[in-house]
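Overview (structure and organization)
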Amino acid sequence: LIFVVVGTLLTLITQSSSAASAITLVMLFEGWIDFPIAAAMILGENIGTTVTANIAAIVGNVYAKRAARFHFVFNIFGVLWMLLLIDPFLTGIDKAMGYFMADYTSVLGANIDQVGRANATLAVSLFHSVFNVLNVLLMVGFVPYIVKLIEKYQKEEEDTQTRLQYISSGMMSSPELSMSQAHKEIQLFAKLIEKMHFNIQGLLANKQNRQDQFLEKIEKREAITDNIELEIAEYLTKISSYNITEDATRRIRGMHSMINDLERVADIYFQMSKTFERMQNEGRELPDAAMKKLNELIDLVHDAIRNVRENLDKDNGEINLDKSVAIEDAIDECRDELMEFHYAQLEKNTYSNEIGFVFLDYLNRLEKIGDHLFNVNEALAGVKVKAAYERVMEERG
């Protein structure tokens, strides 16, 4: 047990399990330690190598942290079961070495000669390899349970996570792979927008016990979208500096357009939350009839978000704008219908002009969100970007 700790500390000092293993083998060959102690140090080095990954994951996203924690837990369990079986296991390694090597003497005894120490280094190498293989075979069935354990204690940090998941590690080996990584980030961007939509939906539902929570989440997520847009834009700019094809140039311009529209959607949701907060402070709220009508438009906007996410999951050539056009038309028709409703309410004095202004504000902002989402679909399909690109190329002759 003491030398398991020693092996762990040695790996932490050297910041390399390979270097620590090499030091252990040298110490064993020189006769400073014996075979069982060297094996214990090897087990400690298996723990120590996971600590370096956990240190590196401190600045990583939640998935990097979970992977590092999983590595630690996986190796800890492996070391624990091996410690319970260490004596018979080392005896088995010793006998296996004797079976395959002629003129072999046991390395478990004390005061072994130089040839015995050389054999002991081979025995430690065999021990290390066999232990790791058996640990994988034994622990692989427990992977789902370890994952659940890690997820339980390493909670999702999306509300405070400002780093990107796929492109935080830098450029890929080719522009095409880099664009693929950027596209994945845009998919996560759209997912975050959908979560903001749910927050607004919950906020407008006037759930008294969760209003502060919704307002806080919307504000945090809006700040995250600002950072995401900037980082993706910088990444796309780096890709553009490479010698890329015309098609790749159009795709990159389309991605710039998409992240700009998605960030504008996040801004609009944040502005809606501020309007709601101001109304609450003034002691005002929309009548139930007005909220019921507004929810029809909110549901259509959610359909538009889901349509964007579906299109982001497809290849460019598979995107059909028919559904997007239908949703956009439905949003415009609903907006016109709600405008008629609004004026009818004013004429009947159902609500005041102040409340009516708020209703119109929500109405116009939701319709604007629909426009931005339709722009994302057009950019995905290459409609606007391709036309603009061809126009520029034509002007250049």
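The following refers to the structure shown.

Rules and cut-offs
Residues numbered from 1 in each chain as written. Predicted model: local features only at pLDDT ≥ 70, side-chain atom pairs only at ≥ 80, totals over all residues. Heavy atoms only, no water. Helix = DSSP H or I, 4+ residues; strand = E, 2+ residues; numbered from the N terminus. Contact = heavy atoms within 4.5 Å. Expected span 1.5 Å × (residues − 1). Phe/Tyr/Trp six-rings, centres within 6.5 Å; stacked < 30°, edge-to-face > 60°. Buried < 20%, exposed > 50% of the residue type's maximum accessible area, 1.4 Å probe, protein only. Axes fitted to C-alpha atoms, helices over the stretch in contact; angles between N-to-C directions. Parallel < 35°, antiparallel > 145°, perpendicular 65-115°, else oblique. Left-handed = near helix turned anticlockwise from the far one by under 90°. Nonpolar A, V, L, I, M, F, W, Y, C, P; charged D, E, K, R; others polar. 1 Å grid on protein atoms, 1.4 Å probe; cavity = no way out; pocket = protein on both sides within 12 Å on 5 of 7 lines; lining within 4 Å. Points joined across faces, edges and corners; volume = space filled by probe spheres on them.

Comments concerning the environment of Gly-7
- Residue placement: Gly-7 occurs in helix H1 (residues 2–14).
- Here Gly-7 is in contact with Met-41, Gly-44 and Glu-45, once residues within four sequence places are set aside.

Concerning helix H13 (residues 353–381)
- For H13, spanning 29 residues, the distance from its first C-alpha to its last is 42 Å, which sits close to the expected 42 Å at 1.5 Å a residue.
- Positive backbone phi, at 80°, marks Gly-382, one or two positions downstream of H13.

Thoughts on the packing of aromatic side chains
- Scanning the entire structure with this criterion turns up six aromatic pairs.
- Between Phe-89 and Phe-127, the aromatic rings sit 5.7 Å apart at their centres with planes inclined by 75°, giving edge-to-face as the arrangement. Residue Phe-89 is found in helix H5 (residues 86–100), and its partner Phe-127 is found in helix H6 (residues 114–139); the two are separated by 38 residues along the sequence. Note on accessibility: Phe-89 and Phe-127 belong to one class, buried.
- Taken together, Trp-81, Phe-89, Phe-127 and Phe-131 form an aromatic cluster joined through their ring pairs.

A word on the packing of helix H8 (residues 175–204) against helix H10 (residues 246–281)
- Here H8 crosses H10 at 15°, and the two axes come no closer than 10 Å. One element, H8, and the other, H10, form an angle in the roughly parallel class. Judged by the sense of rotation from one axis to the other, the crossing of H8 with H10 is left-handed.
- Among the residues making up the contact of H8 with H10, the classes are represented as 21 nonpolar, three polar and three charged.

Looking at unusual backbone geometry
- At Asn-349, a residue that is not glycine, the phi angle is positive and equals roughly 55°.
- Using a relative accessible area of 65% as the deciding quantity, one classes Asn-349 as exposed.

Quick look at empty space enclosed by the protein
- For the coordinates displayed, the defined rule picks out one cavity of 30 Å³ or more.
- Volume-wise, the largest cavity comes out at about 50 Å³.
- Counting residues per element, the ones that place at least two in the lining of the largest cavity are helix H11 (288–312), helix H12 (322–347) and H13.
- Of the residues in the lining of the largest cavity, the class split is five nonpolar, four polar and one charged.

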